[in-house]
Amino acid sequence: YVEDGINPKTGRKCKLHRCNACDNLFPQSEMAADHIHPVVPLDVFGGEKFLDYNWNELIARLYCEPSNLQALCKPCHKLKTAEERAERKARLK
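All of the points below concern the structure found in this document. Quick caveat, the model's predicted, so the values are computed rather than measured.

### Brief notes about the overall build of the protein chain
- Helix and strand content of the protein chain: three helices and five strands.
- Written out in order from the N terminus, the α and β elements of the protein chain read β-β-β-β-α-α-β-α.
- For the protein chain, buried positions account for 32% of its 93 residues.
- If you take every contact in the protein chain between residues at least 6 apart in sequence, the share linking residues at least 24 apart comes to 50%.
- About 6900 Å² of surface is accessible on the protein chain, with carbon and sulfur atoms providing 55% of the total.

Below is the structure:
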């Protein structure tokens, strides 16, 4: 939460949050919690490596410390996720 403002979709008062990527302000409904370091490391996705991945480590990365989380607006979160998928796909080649 950064400041009080107006939700552009509803015109109602709301609390605005700053996106860590684009630095713009958004209502909470347009924000997402993002793992700074992906839950599944970029070099572990796909094929045999993923099947051998330690599930206890995966769970620990999913339920991480707040220091590994950041607030992103939904468009920035979607873009970051797409970039991570593209990198995983490139590493599988």
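From this point on, the discussion continues.
### A short note on the packing of aromatic side chains
- Summed over the entire model, instances satisfying the criterion amount to zero aromatic pairs.
- Above the plane of the ring of tyrosine 1 lies lysine 15, whose end atom (NZ or CZ) is 4.4 Å from the centre.

### Concerning the sheet that holds strand E1 (residues 3–6)
- Spatial strand order, E1-E2-E3: three strands in an open sheet with antiparallel pairing. Edge positions in the sheet fall to E1 and strand E3 (25–27), since each has one partner strand and no second. Neighbouring strand axes in the sheet, compared pairwise and without regard to direction, differ in orientation by 55 degrees on average.
- Where E1 meets strand E2 (residues 13–18), four bridges bridge the pair, whose relative direction is antiparallel. Counterpart to glycine 5 in the pairing with E2 is cysteine 14.

### As for the layout of surface pockets
- The calculated volume of the largest pocket comes to roughly 200 Å³.
- Ala33, Asp34, His35, Pro38, Val39, Val40, His77, Lys80, Thr81, Glu84, Arg85 and Arg88 are the residues that line the largest pocket.
- At the level of secondary structure, the elements contributing two or more residues to the lining of the largest pocket comprise strand E4 (31–35) and helix H3 (74–92).
- The element contributing the most residues to the lining of the largest pocket is H3, with six residues.
- Here the residues of the lining of the largest pocket are counted per class, giving four nonpolar, three polar and five charged.

### Some words on the nonpolar core
- Grouped together as the largest cluster of nonpolar side chains are six residues: Cys19, Phe26, Met31, Leu72, Cys73 and Cys76.
- When neighbours within four sequence positions are excluded, phenylalanine 26 is seen to be in contact with Lys15, Leu16, His17, Cys19, Met31 and Cys73.

### Let's talk about the pattern of salt bridges
- Taken as a whole, this structure holds six salt bridges when the rule is applied.
- Taking the shortest distance from any N to any O, the salt bridge between glutamate 30 and lysine 9 comes out at 3.3 Å. Linking glutamate 30 in the loop between E3 and E4 with lysine 9 in the loop between E1 and E2, this pair joins segments that are 21 residues apart in sequence.
- Across the pair arginine 91 and glutamate 87 runs a salt bridge, and its minimum N-O distance is 2.7 Å.

Reading the values: the criteria
Residues numbered from 1 in each chain as written. Predicted model: local features only at pLDDT ≥ 70, side-chain atom pairs only at ≥ 80, totals over all residues. Heavy atoms only, no water. Helix = DSSP H or I, 4+ residues; strand = E, 2+ residues; numbered from the N terminus. Buried < 20%, exposed > 50% of the residue type's maximum accessible area, 1.4 Å probe, protein only. Contact = heavy atoms within 4.5 Å. Areas by Shrake-Rupley, 256 points an atom, 1.4 Å probe, with all protein chains shown as cover. Phe/Tyr/Trp six-rings, centres within 6.5 Å; stacked < 30°, edge-to-face > 60°. Lys NZ or Arg CZ within 6 Å of the ring centre and 35° of its normal. Pairing = 2+ DSSP bridges. Axes fitted to C-alpha atoms, helices over the stretch in contact; angles between N-to-C directions. 1 Å grid on protein atoms, 1.4 Å probe; cavity = no way out; pocket = protein on both sides within 12 Å on 5 of 7 lines; lining within 4 Å. Points joined across faces, edges and corners; volume = space filled by probe spheres on them. Nonpolar A, V, L, I, M, F, W, Y, C, P; charged D, E, K, R; others polar. Core = buried A, V, L, I, M, F, W, Y, C linked by side-chain atoms within 4.5 Å. Salt bridge = Lys/Arg side-chain N within 4 Å of Asp/Glu carboxyl O.

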